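Residues per chain are reported as follows:
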Amino acid sequence: MLKQLTIFLENKKGSLTEMTRLLSENSINIISFTIAETSGYGLMRMIVDKPEEALKLLKENTYSASLTDVLVVEISTNVGTLNKLIEKLEDFDIEYLYVYSNNDKISGIVLKINEQMIGEAIKVINDSGYNLVEDYCI
């Protein structure tokens, strides 16, 4: 399991730049991310190489941020690979998923699954021949 950093950003010019600059200046690498936005704010979910350090840094700089355990499943780019995985996990409470990519070394998806179902989901993923990403591989 990996830690995902979630940050609430004001939806205004410069807020994404300021936040990414803060991480960059503190040698924290963003490996993968997604942004969902509304008219007033954005919700950025990301995998970084030093999640606990990033969380502390962001909170010290008045950002609303949190860490969440997520599964990152390596998948190939072959037709139907994502569909086969999702079919195997159809009975689980998947709260969201997004693409994970890392310097062409690994591609996959980030899955947030209900905490009570994570153990069983990991077993299904492993038994189905998929690999979990276990470290922040950069």
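Residues numbered from 1 in each chain as written. Predicted model: local features only at pLDDT ≥ 70, side-chain atom pairs only at ≥ 80, totals over all residues. Heavy atoms only, no water.

### A word on unusual backbone geometry
Under the convention used in this document: We count a stretch as a helix when DSSP gives it H or I for four or more residues in a row; a strand needs E for two or more, and each element gets its number in order from the N terminus. Three labels apply to residues, based on accessible area from a 1.4 Å probe with only protein chains included: buried if under 20% of the type maximum, exposed if over 50%, partly exposed otherwise in between.
A positive phi is found at Ser27, a non-glycine position, where the angle reads about 55°. Here Ser27 shows up in the loop between helix H1 (15–25) and strand S2 (30–37). The exposure class assigned to Ser27 is exposed, which follows from its relative accessible area of 52%. Its identity is not glycine, yet Thr62 carries a phi of approximately 65°, on the positive side. Its location among the elements puts Thr62 in the loop between helix H2 (51–60) and strand S4 (64–74).

### Considerations on helix H4 (residues 118–127)
What counts, and what does not: Working note: the arc is built from the helix axis to C-beta atom directions.
For H4, every residue scored as buried is listed here: Ile118, Ala121 and Ile125. Seen along its axis, H4 keeps its buried residues to an arc of 60°; they face one direction. Opposite its buried face, H4 presents the exposed residues Gly119, Glu120, Lys123 and Asp127, each directed more than 90 degrees away.

### A few points about the nonpolar core
Here is the rule: Definition used in this section: a nonpolar core is a set of buried Ala, Val, Leu, Ile, Met, Phe, Trp, Tyr and Cys residues joined via side-chain atoms within 4.5 Å. Whether two residues are in contact is decided by their heavy atoms, any of which lying within 4.5 Å being enough.
Formed by 16 residues in total, the largest nonpolar core has its most connected members in Leu5, Ile7, Met19, Leu23, Met46, Leu58 and Tyr63. Mapped onto this core, the elements with two or more residues apiece are strand S1 (2–10), H1, strand S3 (41–48) and H2. Residue contributions to this core peak at four residues, all from H2. With residues near it in sequence (within four places) discarded, Leu23 still touches Ile28, Ile30, Met46, Ala54, Leu57 and Leu58. Val73, Leu89, Leu111 and Leu132 belong to the second largest nonpolar core, which has 14 residues in total.

### Topic: the pairing of S4
Remark: a regular strand shows side chains that alternate across the two faces of the sheet. For clarity, the cut-off: Strand pairing is assigned whenever DSSP identifies at least 2 bridges connecting the two strands.
One ladder, built from seven bridges, connects S1 with S4; its direction is antiparallel. The residue bridging Thr6 from the neighbouring strand is Ser66, located in S4. As paired strands, S4 and strand S7 (residues 131–132) are joined by two bridges and run antiparallel to one another. Across the sheet, residue Val73 finds its bridge partner in S7, namely Leu132.

### Quick look at the pattern of salt bridges
Condition: A side-chain nitrogen of Lys or Arg and a carboxyl oxygen of Asp or Glu constitute a salt bridge if their distance falls within 4 Å.
Enumeration according to the criterion identifies four salt bridges in this entry. The partner of Glu10 in a salt bridge is Lys12, and the shortest N-O contact between them spans 4.0 Å. Here Glu60 and Lys56 are joined by a salt bridge, their closest N and O atoms 3.1 Å apart. One end of the pair is Glu60 and the other is Lys56, both in helix H2 and four residues apart, which spans about a single turn. For the pair shown, Glu60 and Lys56 are each scored as exposed.

### A look at the side chain of Lys112
Inspection of the secondary structure assignment puts Lys112 in strand S6 (residues 106–113). If we skip the residues at most four places from it in the chain, Lys112 touches Thr68, Asp69, Val70, Asp93, Ile94, Glu95 and Tyr96.

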